[in-house]
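# Notes for the structure review
If you want the building blocks of each chain, they are given just below.
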Amino acid sequence: MNKIQVKIPCRYVGKAAIVYDIDNTLLDVSERLVRSIIEAGGDPIHGLSKMSLDIRRRFWSIFLSNKYIHLDKPDSKAIEDVNRKYDSGYIIILLTGRPEYMRKDTIKQLETYGVKYHILIMRPNNNRDPDYIYKPMVIEELIQKGINIIEYHEDDIKTIEKISKLFPTIKVYRHNASKSNISKFF
Ligand SMILES: [Mg+2]
């Protein structure tokens, strides 16, 4: 497990920050998911759990590419929440499991949907850790760099549980972009 290097401009140090995931938190990615499963040779009814290793590998290389991101839909309620907090003066950090090679298209997508943010942190291209390992490492790194994280927004339950446990002072919110739903996680 490699340490994640995160560059933070010093003007953000000590300021209150809010961290948001992107996929299924700000954007509904269910169509990209289904199309990627079908193209990989899997069955969307059974989802990822019943896939063979081969199909699963193929799925991830399609899903984590720019091929179908045009199918993603914005969750307007979640994006309003981000933009309201940005306008109130919080530092908005987007922390995504999308790899660095998707950066250009991700920035374009965020611009199209009017998402306001300060920092976009993406997974290093050679990193294969699951989100519940990778994201807490980044949060730890941000805290060590002096970022005062007060809220964390995410859809993935394993990541949510891990972050709530490791960082009890951060308020954690669970999102479901396909249902436009945000709830406080206890
Ligand atoms: Mg997500």
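Whatever comes next refers back to the structure up there.
Okay, so let's go over this structure.

## What about the coordination of the magnesium ion?
Coordination of the magnesium ion by the protein involves D21 (OD), D23 (O) and D155 (OD), with metal-donor separations of 2.1 to 2.2 Å. Summarised as a motif, the one-chain spacing of the donors to the magnesium ion is D-x1-D-x131-D. Given the relative accessible area of 4%, D21 is considered buried. Given a relative accessible area of 12%, D23 falls into the buried group.

## Section: the packing of aromatic side chains
Evaluation of the coordinates by the stated rule reveals 3 aromatic pairs. Seen in terms of ring centroids, F59 and F63 are 5.3 Å apart; in terms of plane orientation they differ by 15°. Their pairing is stacked. Pair noted here: F59 and F63 are both in helix α2 (residues 53-63), with a separation of 4 residues, about one helical turn. Side by side, F59 and F63 carry an identical accessibility label, which is buried. With centroids separated by 5.9 Å and ring planes inclined at 80°, the aromatic side chains of W60 and F63 adopt a geometry described as edge-to-face. Taken together, the residues W60 and F63, both in helix α2 and 3 residues apart, mark about one turn of the helix. Residue classification places F63 among the buried positions, given a relative accessible area of 6%. By way of ring pairs, the aromatic residues F59, W60 and F63 are connected into one cluster. Here R32 stacks its cationic end above the ring of F63, 4.4 Å away from the centre of that ring. Note that K85 overlies the ring of Y173, its terminal NZ or CZ placed 5.8 Å from the centroid.

Reading the values: the criteria
Residues take numbers from 1 onward in each chain, read along the sequence in its written order. Totals for whole chains, interfaces and linings use every residue, but because this is a predicted model, local features are given only for residues with pLDDT of at least 70 and side-chain atom pairs only at 80 or more, for both listing and counting. Hydrogens are left out, water is left out, and the side-chain values use all remaining heavy atoms of the structure. Counted as donors are the N, O and S atoms within 2.8 Å of the metal, or 3.2 Å for Na, K and Ca, while water is not among the atoms, so some sites may look incomplete. A 1.4 Å probe rolled over the protein chains alone gives each residue an accessible area, and that area as a share of the maximum for its type sets the label: buried under 20%, exposed over 50%, partly exposed in between. Paired rings are identified among Phe, Tyr and Trp, the last through its six-membered ring, by centres lying within 6.5 Å, and are further divided according to the angle between planes into stacked (under 30 degrees), edge-to-face (over 60) and tilted (the rest). Elements are defined by DSSP. Helices are runs of H or I of four residues or more, strands are runs of E of two residues or more, and each kind is numbered from the N terminus. Should the NZ of a Lys or the CZ of an Arg lie within 6 Å of a ring centre and within 35 degrees of the ring normal, that charge is described as sitting over the ring.

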